[in-house]
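What follows is each chain in one-letter form.
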Amino acid sequence: MEISDSKVVRMHYKGTLENGEVFDSSESREPLTFLYGRGMIIPGLEKAIVGLKAGDKKTVNVTCEEAYGPVNDAAVQEVPKDQFPPEIELKEGLQLMAQGPEGAFPLVVKALKESSVVVDFNHPLAGKNLNFDVEIVEVREPTQEELEHGHAHGAGSAHDHGEDEEEVPEDEQEKKE
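Residues numbered from 1 in each chain as written. Predicted model: local features only at pLDDT ≥ 70, side-chain atom pairs only at ≥ 80, totals over all residues. Heavy atoms only, no water.

Outline the side chain of Lys7, listing residues and values.
In this structure, Lys7 sits in the segment before strand E1 (8-17). The contacts of Lys7, once residues within four sequence positions are left out, are Met1, Glu2, Phe34, Leu35, Tyr36, Val139, Arg140, Glu141 and Pro142. (Helix = DSSP H or I, 4+ residues; strand = E, 2+ residues; numbered from the N terminus. Contact = heavy atoms within 4.5 Å.)

The following block contains the structure:
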């Protein structure tokens, strides 16, 4: 079966920067599991694996425009120091996760000033071209539940419902208690 829209894909990968530095890998972990065509991986990588089958291996080069985008200078901003929890020891290069209306996002401390902190809200891989070595482990049809939820389930997925646990329909839960 080939990778196409709404197929569940399991793949091993190693992501490297142009200088060869590894920024992420599934080595020593479960393969990444996702529902293809739902924007769950960067666009350039998603486009490059369409049509591959289980057992296929491929090296993919993804430009920054097809990954995390170019660096946005407007995403570098000064924030008052009192906006940071006092227990955080602020220093240049510190990577933090901030919480916004659309969820968590990374930021990097660029500089410290007397009463403010210069932070970069760009993704840490923004402006970088990325390379991936991928190996497709499995391509399968999604379950009805995966289609309804809009994501793959199971080990290696971003959203694991605990597939080993017995799922009991709500109307039968009272009977089991």
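Go over the sheet that holds strand E7 (residues 103-112), please, and point to the residues and values.
The strands making up a sheet associate through hydrogen bonds between their backbones, and the pairing can be parallel or antiparallel. Here we have four strands laid out as an open sheet, ordered E5-E8-E7-E6, and antiparallel in their pairing. Looking at which strands have only one partner, the edges of the open sheet turn out to be strand E5 (76-80) and strand E6 (95-100). On average, each strand axis in the sheet is tilted by 45° relative to the strand beside it, whichever way the strands run. The sheet contact formed by E7 and strand E8 (residues 116-120) spans four bridges and is antiparallel. Bridge pairing in E8 links Ala111 to Val118. (Pairing = 2+ DSSP bridges. Axes fitted to C-alpha atoms, helices over the stretch in contact; angles between N-to-C directions.)

How would you explain the pattern of salt bridges if you had to name every residue and give the values?
With the rule as written, the count across this model stands at eight salt bridges. Across the pair Glu141 and Lys7 runs a salt bridge whose closest N-O atoms are separated by 3.1 Å. On the criterion of sequence distance, the pair formed by Glu141 in the loop between strand E9 (130-140) and helix H2 (144-149) and Lys7 in the segment before E1 is long-range, its members being 134 residues apart. A salt bridge links Asp120 to Lys110; its shortest N-O distance comes to 4.0 Å. With Asp120 in strand E8 and Lys110 in strand E7, this pair connects stretches of sequence that are ten residues apart. The exposure class of Lys110 is partly exposed, given its relative accessible area of 43%. Overlapping salt bridges, with partners in common, bring together Arg10, Glu30 and Glu138 in one network. (Salt bridge = Lys/Arg side-chain N within 4 Å of Asp/Glu carboxyl O. Buried < 20%, exposed > 50% of the residue type's maximum accessible area, 1.4 Å probe, protein only.)

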